[in-house]
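# Fold and contact review
Each chain, letter by letter, is given below.
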Amino acid sequence: VDFLGGDKTAHDSRLQLVSLSGSSLKKFLQVHRTARRLERDAIVHFHLSALGNFQRVGPLLQWCFRRQPTVATIHSGSFVKEMRQSKSQARFRRILLRFDHLITVSQSQKDYLVELGFDPCGLTVVPAFIPRSVDTTKLPEAARKIPHEKTTILASGSLARVYNYDILIDAMDRLDTEDYHFVLA
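Owing to the predicted nature of the structure, the values given are computational and were not obtained by experimental measurement.

Thresholds applied
Residues numbered from 1 in each chain as written. Predicted model: local features only at pLDDT ≥ 70, side-chain atom pairs only at ≥ 80, totals over all residues. Heavy atoms only, no water. Patch = residues over 30% accessible without salt bridge, like charges linked within 9 Å, V, L, I, M, F, W, Y side chains within 5 Å. Areas by Shrake-Rupley, 256 points an atom, 1.4 Å probe, with all protein chains shown as cover. Salt bridge = Lys/Arg side-chain N within 4 Å of Asp/Glu carboxyl O. Lys, Arg positive; Asp, Glu negative; His and termini not counted. Charge placed at Lys NZ, Arg CZ, Asp CG, Glu CD. Helix = DSSP H or I, 4+ residues; strand = E, 2+ residues; numbered from the N terminus. Buried < 20%, exposed > 50% of the residue type's maximum accessible area, 1.4 Å probe, protein only. Pairing = 2+ DSSP bridges. Core = buried A, V, L, I, M, F, W, Y, C linked by side-chain atoms within 4.5 Å. pLDDT = per-residue confidence, 0-100. Contact = heavy atoms within 4.5 Å. Phe/Tyr/Trp six-rings, centres within 6.5 Å; stacked < 30°, edge-to-face > 60°. Lys NZ or Arg CZ within 6 Å of the ring centre and 35° of its normal. Polar contact = N/O pair within 3.5 Å; in protein donor to acceptor, adjacent residues only side chain to side chain. Expected span 1.5 Å × (residues − 1). Arc of directions from axis to C-beta.

Turning our attention to a positive patch on the surface. A surface patch of like charges, here positive, comprises Lys26, Arg33, Arg36 and Arg37. Inspection of the secondary structure assignment puts Arg33 in helix α1 (residues 24-37). Taking relative accessible area as the criterion, Arg33 reaches 38% and is therefore assigned partly exposed.

Another aspect to go through is the pairing of strand β5 (residues 101-104). Examined bridge by bridge, strand β4 (residues 70-74) and β5 share four bridges and lie parallel to one another. Residue Ala72 lies in a different strand from β5, and its bridge partner there is Leu102. By the bridge criterion, three bridges tie β5 to strand β6 (residues 123-125) in an arrangement that is parallel. Bridge assignment links Thr104 to a residue of β6, and that residue is Val125.

Grouped together as the largest cluster of nonpolar side chains are 26 residues, with contacts concentrated most on Phe46, Phe54, Phe65, Phe79, Leu96, Leu102 and Leu113. Breaking this core down by element, the ones donating at least two residues are α1, β3 (43-48), α2 (51-64), β4, α3 (79-85), α4 (89-97) and α5 (107-115).

Of all residues in the chain, 81% attain a pLDDT of 70 or more, and the chain-wide mean is 79. Residue range residues 1-13 is modelled with pLDDT below 50. Its contacts to residues more than four positions away, or to other chains, number 37 contacts.

Turning our attention to the packing of aromatic side chains. Scanning all chains against the criterion turns up two aromatic pairs. Centroid distance Phe46 to Phe65: 6.0 Å. Interplanar angle 80 degrees. Geometry classified as edge-to-face. Note that Phe46 is positioned in strand β3 and Phe65 in the loop between α2 and β4, a separation of 19 residues in sequence. Judged by centre distance (5.3 Å) and plane angle (70 degrees), the rings of Phe46 and Phe99 are edge-to-face. Of this pair, Phe46 sits in strand β3 while Phe99 is found in the loop between α4 and β5, placing the two residues 53 residues apart along the sequence. The exposure class of Phe99 is buried, given its relative accessible area of 7%. By way of ring pairs, the aromatic residues Phe46, Phe65 and Phe99 are connected into one cluster. Just above the ring of Trp63 sits the side chain of Arg66; from NZ or CZ to the centre is 4.2 Å.

If you trace the backbone, His45 turns up in strand β3. Of note is the side chain of His45, whose polar atom sits 2.7 Å from the side chain of Thr73.

Here the focus is α1. Relative to the 20 Å expected for 14 residues at 1.5 Å per residue, α1 spans 20 Å between its end C-alpha atoms, a close match to the ideal helical length. Here α1 has its buried residues at Gln30, Val31, His32, Thr34 and Ala35.

Glancing now at α4. Along α4, the residues that are buried comprise Phe92, Ile95 and Leu96. With its buried residues spanning 95 degrees around the axis, α4 presents them on a single face.

The structure is reproduced here in structure tokens:
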């Protein structure tokens, strides 16, 4: 969860990230205290990837931040498949409807939410991929230095076990570095 707003004196930045540690109860108390200190106009952004976990803790987090506007990004690439197979689809739909805005990582996710009755005006697609042709002038300098004659394999995000980075690292050993460039961010 990240917040836009709140303590404006922290390093002249309005973006606050909260790291949680300790037991589940301690984490909840940290979140609750943070929510109470946040201004009402602070935007609270939830990142949803482990949808099963969010069904359990989501309502509690939404209750904590009930005073602030909330946005959620659904990062799970298998979201539509999981939801179609889920016995708790109606419950998850109710949870998602409590957000002020939803961001999906694909058009198919947005289309599915519209199919479930979500207002398209409350949905935004921000693709979770890099298109085949990239305007390199808009890339950071480090990215522009990547050799174009090689195939670039890019992985970014949380180094959580669920993302199977071990498979990617094993593949890196087997692929010829003359043909491939690897970027882990």
